[in-house]
Amino acid sequence: MEIKNRRVLVTGASRGLGRTLAFAFAAAGAREVFAGARNAKDIEKLKRDAATIGASITPIKLDVTSDDEVNATTNLGFIDILVNNAGIASYGDPLQMNFADAMREMNVNYFGALRMARALAPQMIERGEGMIVSVATAFAKVNLPLVATYCASKAALLSLGQALRAYLADKGVHVMTVMPTTIDTDMSSGADVPKMTTEFVSGEILR
C-alpha cells in the first residue's frame, strides 16, 4: 500500500517507536496521522512538536484498554493503516512477579490490538482495502525469560496476526506483524544488549 495521502492511526505514539512512526508516516506523505496517547501532557507535546515542523499529525486520547476510547476511533472517519504499537513490559519470574502486571501486559499488548482491529477492520472491509500492522518482537517466537510474560503476550499477538490474515486475505485488508529484536526505547533502558534504533525499525515498517 502506498502511504501518500493515506490516513494512519498509531497507538502508543507518545514516545519510543510509536512517536517515531507517527512522524515518519507524516514525512512519507500521509494525509493525516492520528497519534494515540494516554495522557494530556503527552498529547500537548505531540501537538507542539508536530506544529513546529508542520507535520500532519493529530494527537488523540487513546488508551487501548478502554473500550470507550477505542470505539471512539470509529468516529475519526476511515483509517487506511492501523498500527498496533502500544505495549508494556514487566520483568521477572512469571511464578513470582505481580500477577496484575502480567494481566496488564496481556490487556495492552494482545487485547488492546484486538480491540483496535475489531473497531477499525469493519470499515476497511467495507471499503475493500486497508492495512493492520502489529508490533510484536522476535521474542514472540523464542521466549526471553527476563521478560517472560511480555514475550508470551507478544506470542499471542503474533498468533492473532496469523488469524486476522486468514480472515481478511480475501477482503483486501493486508495484515503484517513486525518482529524486531530489542529496540532502543525507555522500555529497554535497563538492558545491556545490542539495540535497534527506532528510526531503523520505523523505516523498515514503512518500507
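Preceding this section is the structure that the text describes.
A brief structural summary. Predicted model only: the values in this text are computed from it and were never measured.

This part takes up a nonpolar patch on the surface. Taken together, the side chains of Tyr91, Leu144 and Leu146 make up a nonpolar region of the molecular surface, amounting to roughly 280 Å² of accessible area. Within the fold, Leu146 resides in the loop between β5 (130-135) and α5 (148-168).

Our focus in this paragraph is the layout of surface pockets. Put simply, the second largest pocket is a space of about 170 Å³. Leu114, Ala117, Arg118, Ala121, Pro122, Ile125, Leu160, Ala163, Leu164, Tyr167 and Leu168 are the residues that line the second largest pocket. Residue assignment for the lining of the second largest pocket shows that the elements contributing at least two residues are α4 (99-127) and α5. Here the lining of the second largest pocket takes 6 residues from α4, the largest share from any one element. In terms of residue class, the lining of the second largest pocket is built from 10 nonpolar, no polar and 1 charged.

Another aspect to go through is empty space enclosed by the protein. Within this structure, the stated rule accounts for 1 cavity of 30 Å³ or more. Taken as a whole, the largest cavity encloses approximately 50 Å³ of empty space. Taken together, 13 residues form the lining of the largest cavity, with Thr11, Asn84, Ala86, Val108 and Ala113 sitting closest to its centre. The set of elements that each furnish at least two residues to the lining of the largest cavity consists of α4 and α5. Ranked by residue count, the leading element in the lining of the largest cavity is α4, at 5 residues. In terms of residue class, the lining of the largest cavity is made up of 7 nonpolar, 5 polar and 1 charged.

Bringing the environment of Gly54 into the picture now. Counting through the fold element by element, Gly54 comes out in the loop between α2 (40-53) and β3 (57-61). Along the chain, Gly54 and Ala100 lie 46 residues apart, while their C-alpha atoms are 41 Å from each other.

What follows covers the sheet that holds β5. In spatial order, the strands read β3-β2-β1-β4-β5-β6; together these 6 strands make up an open sheet with parallel pairing. Of all the strands in the sheet, the pair left with one neighbour each is β3 and β6 (173-178). Recorded for the sheet is a direction-independent mean angle of 15° between the axes of neighbouring strands. The pairing of strand β4 (residues 81-84) with β5 spans 4 bridges and is classified as parallel. Residue pairing across strands places Ile81 opposite Met131, the latter belonging to β5. Running over the sheet, α4 touches β1 (7-10), β4, β5 and β6 and is turned about 170° from β4.

Rules and cut-offs
Residues numbered from 1 in each chain as written. Predicted model: local features only at pLDDT ≥ 70, side-chain atom pairs only at ≥ 80, totals over all residues. Heavy atoms only, no water. Patch = residues over 30% accessible without salt bridge, like charges linked within 9 Å, V, L, I, M, F, W, Y side chains within 5 Å. Areas by Shrake-Rupley, 256 points an atom, 1.4 Å probe, with all protein chains shown as cover. Salt bridge = Lys/Arg side-chain N within 4 Å of Asp/Glu carboxyl O. Helix = DSSP H or I, 4+ residues; strand = E, 2+ residues; numbered from the N terminus. 1 Å grid on protein atoms, 1.4 Å probe; cavity = no way out; pocket = protein on both sides within 12 Å on 5 of 7 lines; lining within 4 Å. Points joined across faces, edges and corners; volume = space filled by probe spheres on them. Nonpolar A, V, L, I, M, F, W, Y, C, P; charged D, E, K, R; others polar. Pairing = 2+ DSSP bridges. Axes fitted to C-alpha atoms, helices over the stretch in contact; angles between N-to-C directions. Contact = heavy atoms within 4.5 Å.

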